[in-house]
Amino acid sequence: GMKTPIWSLTTQSGNACPRDVMITVGNVILEATMSKRSRSFEWIQYRNIVNEWRRKDPLMLHKSAPTPMMTDSSYDMSFWALTDDERLKR
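Residues numbered from 1 in each chain as written. Predicted model: local features only at pLDDT ≥ 70, side-chain atom pairs only at ≥ 80, totals over all residues. Heavy atoms only, no water.

## Section: the layout of surface pockets
A water-sized probe, rolled over the atoms, reveals where empty space remains. Threshold: Of the two site types, the cavity is a set of points on a 1 Å grid over the protein atoms alone where a 1.4 Å probe fits but cannot get out, and the pocket is an open set with protein on both sides within 12 Å along at least five of seven lines, each lined by residues with an atom within 4 Å of a point. Grid points are joined across faces, edges and corners, and a volume is the space filled by probe spheres set on the points. Amino acids outside the nonpolar list (Ala, Val, Leu, Ile, Met, Phe, Trp, Tyr, Cys, Pro) and the charged list (Asp, Glu, Lys, Arg) are all regarded as polar, and Gly is one of them.
Within this model, the largest pocket holds a volume of roughly 230 Å³. Contributing to the lining of the largest pocket are L9, S35, K36, R37, S38, Y75, D76, M77, F79 and W80. Split into classes, the residues belonging to the lining of the largest pocket amount to 5 nonpolar, 2 polar and 3 charged.

## Some words on a nonpolar patch on the surface
Applicable threshold: A patch consists of residues exposed above 30% relative accessible area that lack any salt bridge, with like charges linked at up to 9 Å and nonpolar side chains (Val, Leu, Ile, Met, Phe, Trp, Tyr) linked at up to 5 Å. The protein chains shown are the only cover counted for residues, whose accessible areas, like all others here, come from Shrake-Rupley with a 1.4 Å probe. A side-chain nitrogen of Lys or Arg and a carboxyl oxygen of Asp or Glu constitute a salt bridge if their distance falls within 4 Å. Under the DSSP-based scheme used, a helix requires at least four consecutive residues in state H or I and a strand at least two consecutive residues in state E, with every element numbered from the N terminus.
Taken together, the side chains of I23, V25 and L30 define a hydrophobic patch exposed on the protein surface, amounting to about 250 Å² of accessible area. Residue placement: I23 occurs in strand β3 (residues 22–25).

## Quick look at the sheet that holds β3
The condition that has to hold: What makes two strands pair is DSSP finding at least two bridges between them. Only the stretch in contact is used when a helix axis is fitted, and all axes are lines through C-alpha atoms; the angle between N-to-C directions ranges over 0 to 180 degrees.
Strand order across the open sheet formed by 3 strands is β3-β4-β5, with mixed pairing between neighbours. Each edge of the sheet is formed by a strand with only one pairing partner; in this case those strands are β3 and β5 (61–64). Taking each pair of neighbouring strands and ignoring which way they run, the sheet shows an average axis angle of 20°. With 4 bridges connecting them, strand β4 (residues 28–31) and β5 associate as parallel partners. Residue pairing in the sheet places E31 in a bridge with S64 of β5.

## Section: the packing of aromatic side chains
The line we're drawing: Any pair of Phe, Tyr and Trp rings, taking the six-membered ring for Trp, is counted once the centres come within 6.5 Å. Such a pair is stacked with planes under 30 degrees apart, edge-to-face with planes over 60 apart, and tilted for the rest. Placement of a positive charge over a ring is assigned whenever Lys NZ or Arg CZ falls within 6 Å of the ring centre and within 35 degrees of the normal to the ring plane.
Scanning the entire structure with this criterion turns up 2 aromatic pairs. Judged by centre distance (6.5 Å) and plane angle (35°), the rings of W7 and F41 are tilted. Remark: F41 occurs in the loop between β4 and α1 (47–56) and W7 occurs in the loop between β1 (2–3) and β2 (8–9); sequence separation between them is 34 residues. When the centroid spacing of 5.0 Å and the interplanar angle of 85° are considered together, the rings of F79 and W80 count as edge-to-face. Between the NZ or CZ atom of R87 and the centre of the ring of F79, over which it lies, the distance is 4.9 Å.

## Here's the deal with the pattern of salt bridges
If you walk through the whole model with that rule in mind, you get 7 salt bridges. Ionic pairing is found between R47 and E31, a salt bridge with its closest N-O pair at 3.3 Å. Residue R47 is found in helix α1, and its partner E31 is found in strand β4; the two are separated by 16 residues along the sequence.

## What to know about unusual backbone geometry
Going by this rule: The buried label goes to any residue with under 20% of its type's maximum accessible area, the exposed label to any with over 50%, and the partly exposed label to all in between, with areas taken from a 1.4 Å probe on protein chains only.
Even without glycine at this site, M70 takes up a positive phi of about 60°. Locating M70 in the fold gives a position in the loop between β5 and α2 (84–89). Under the relative-accessibility criterion, M70 is labelled buried at 4%.

Take a look at the structure:
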């Protein structure tokens, strides 16, 4: 499980593809925020790599999007009860 001061989970998924979290454009690393609570800390596993690249290239930029609060009101919890077809129609 996972717990923050704002929300908690009883389970979480494993780390998915790194391209979901970061992309490089030239010497810029753009870091996305994950909208699913279970994926909110995936960036941590790449921090050592980012820091290593920063040491090797002082002109490298690392930009991170703001992290949302992910409170219950941030989500439409009924979404997960929909079928795949119903989700696609939204």
